[in-house]
Amino acid sequence: MSNELRNFLALSYDELEDLNLEAKEKRKSRVAPEKIREERLKYLTDEKRIKAVTVLFSDLEGRLHMLDYDKKFLINSWDNLTFDGSSIRGFTAQKESDLRLGIDWNAFYWAPADFFGPGKVMVFGEVIEKQGGPYAADIRGVLKGFAEKLNKDEGYTLNAANEIEGFIFKGTDAEKTYHETGKFEYVNTGGYYHSLPGDPLRNFIDLSAEVQRAMGFQNEKDHPEVAPSQFEINYGYGEVVAAADQIQLYKLICREVATKLGLTASFLPKPVVGVNGSGMHTNVSITKGGKNLFWDAKGEEKLSKMGWSFVDKILTHGLDICLLLNASVNAYRRLDPHFEAPNQIKASAVDRGSMVRIPIGNDKSMRVEVRSVGPDANPYMVLYSIFKSGLDGETAKIKNLRQAERYLPDNIYTALEHFRGSEWITKILGNDVKGRYADLKQASADRCARLLGTVVKAPEVQFHHEVYNQYLWNQF
């Protein structure tokens, strides 16, 4: 179809980067929401080349949902958007289905037209109850409220940076068709830091990095990971809600780029037996007035007393929050000590099998790294549970807590038992959301055999139940 009559917005990557970095700086500086809203509405009104606004939000399990609103409709109706919550996993029941969708005007992005289509911009939404308050199952909203209250009451800024690993496989539907093929096909077998310029994995990494840069990610480094066809693209830290938004965008970008190349980007924690799985190492810190509160030049490992208290509380609640950090059946296959898996509930500066690691840092970069996180987890749930536990949790009276012989579960059933029985989870999520989340995970677990990796037989089809059910239940 000819495009000669169309005049839709399609900006260069340099122009996109400038716009996204400007928006990012305003968000970081906490410009008043009303001012940002006014600016965005004026921009949308004046920029005639924009046809639609893509609004993004996440369900209880972290699956990203996107709605395209006609620009003119959104300008006139941004404060009265509704949707059917009963169609979203973990949201409302059918009898009470209507929910409202607010706009977080600070979380506004310009995306490359060659990957996301011309004439569109993106913005994150906020799920709101019919009465107008934040919706309890919208964990992004819960995280945002928690972070804003801490900033107002204590002057704290919660920071996070995530190292998200994934795999690239041949074919555009490698996960969907796994039950037919019984295997994933690598595009590269070079291993850690090794790929030739121009090979499929390098092309994928380069293109993804370009899109991320254009969307204001402020990239740091990228490389093939330890396992064949595995990748990691690192970018700078951000305020906690923006950091969680970037995780969602990172996975969206990787999947879109892979599809354009005829490949599949997979964020299953352990898609292939016998090689390293994928993690989402989560680095966190807290600043106040520009000062890193986790830094102490005289502290053990240069970590402050506040930082060590944060670590101790994470270790105390490790079993409570395990199901939030490792949210799928497949995630527990990754927690295998033979493949550098961080399954030990302890803290260390050097042992990569520890749940918590204390990386080398300085007064700017000192942080705590939580390594026992799967890349298919809800990023808002991950960051909320880590910061909430590290700041407001308890410290267990366990001898030598930081080096005690304690381990994370090796299966989702045990993780579910800890989760259901946890008073701490009830306190931070509430009974209703806790129950909904547990029921979703129980249903997913019940669709898989207890002995992970077994092959089950159904009439006229034999398939590896676990990967296929992960696909069916949108766990990645």
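Numbering of residues starts from 1 in every chain and runs along the sequence as written. Local features in a predicted model are, by the rule used here, given only for residues with pLDDT of at least 70; side-chain atom pairs are given and counted only at 80 or more, and totals for whole chains, interfaces and linings are based on all residues. Heavy atoms throughout the structure, all of them, feed into the side-chain values; hydrogens and water do not.

Caption draft 1: Looking closely at the overall build of the chain. The helix count covers DSSP runs of H or I at least four residues long, the strand count covers runs of E at least two residues long, and both are numbered beginning at the N terminus. Assigned secondary structure in the chain consists of 16 helices and 17 strands. Across the 476 residues in the chain, those meeting the buried criterion constitute 57%. When checking whether two residues touch, look at their non-hydrogen atoms; a contact exists if any pair is within 4.5 Å. Put simply, 70% of the contacts in the chain that link residues at least 6 apart link residues at least 24 apart. Any residue under 20% of the maximum accessible area for its type is buried, any over 50% is exposed, and the rest in between are partly exposed; the area is computed with a 1.4 Å probe on protein chains only.

Caption draft 2: Inspection of the packing of aromatic side chains at higher detail. Only Phe, Tyr and Trp rings are paired, with Trp represented by its six-membered ring, and only when their centres lie within 6.5 Å; those with planes under 30 degrees apart are stacked, over 60 edge-to-face, the remainder tilted. Scanning the entire structure with this criterion turns up 17 aromatic pairs. Between Phe-169 and Phe-184, the aromatic rings sit 4.3 Å apart at their centres with planes inclined by 10°, giving stacked as the arrangement. With a gap of 15 residues between them, Phe-169 in strand β6 (residues 156-170) and Phe-184 in the loop between α6 (178-181) and α7 (200-214) connect regions that are remote in the sequence. The burial state of Phe-169 is the same as that of Phe-184; both residues are buried. Each member of the aromatic cluster is reached from another via a ring pair, and the members are Phe-204, Phe-217, Phe-231, Tyr-235, Tyr-250 and Phe-267.

Caption draft 3: Quick peek at the nonpolar core. Core analysis: the biggest nonpolar cluster contains 130 residues, and Met-215, Phe-231 and Leu-429 have the highest contact counts within it. Dropping the residues within four chain positions of it, Leu-429 is found in contact with Ile-139, Leu-324, Met-381, Tyr-384, Phe-419 and Lys-434. Residues grouped as a nonpolar core are buried Ala, Val, Leu, Ile, Met, Phe, Trp, Tyr and Cys residues, joined through side-chain atoms within 4.5 Å. Counting residues in hydrophobic clusters, the runner-up holds 8 residues, among them Phe-169, Ala-174, Tyr-178 and Val-275.

Caption draft 4: Examining the packing of helix α9 (residues 305-316) against helix α12 (residues 379-392) more closely. Relative to each other, α9 and α12 sit at 115°, their axes nearing to 7 Å. As judged from the angle between their axes, α9 and α12 are roughly perpendicular. The handedness of the crossing between α9 and α12 is right-handed. Facing α9, whose interface residues are Met-306, Ser-309, Phe-310, Lys-313 and Ile-314, α12 presents Ile-386, Phe-387, Ser-389, Gly-390 and Leu-391. Along the lines of polarity and charge, the residues of the contact of α9 with α12 split into 6 nonpolar, 3 polar and 1 charged. Only the contacting stretch of a helix is used when fitting its axis, a line to C-alpha atoms as for every element, and angles between N-to-C directions run 0 to 180 degrees. Oblique is the label for any angle not under 35 degrees, not over 145, and not in the 65 to 115 range, which are roughly parallel, roughly antiparallel and roughly perpendicular in turn. Working rule for handedness: look at the near helix, and if it is turned counterclockwise from the far one by less than a right angle, call the crossing left-handed; if clockwise, right-handed. Three residue categories are used. Nonpolar comprises Ala, Val, Leu, Ile, Met, Phe, Trp, Tyr, Cys and Pro, charged comprises Asp, Glu, Lys and Arg, and polar comprises the others, including Gly.

Caption draft 5: Quick peek at the pattern of salt bridges. Think of a salt bridge as a Lys or Arg side-chain nitrogen and an Asp or Glu carboxyl oxygen that are within 4 Å of each other. Tallied over the entire structure, the rule returns 21 salt bridges. Here Arg-402 ties to Asp-312 by a salt bridge, and the two come within 2.8 Å at their closest N and O atoms. One end of the pair, Arg-402, is in the loop between α12 and α13 (412-420); the other, Asp-312, is in helix α9, and 90 residues separate them in sequence. Here Arg-402 falls in the partly exposed class, since its relative accessible area comes to 26%. We note a salt bridge from Asp-392 to Lys-388, for which the minimum N-O separation is 3.0 Å. You can see Asp-392 and its partner Lys-388 sitting in helix α12, 4 residues apart, about one turn around the helix.

By themselves, these are just geometric observations and shouldn't be taken as functional.
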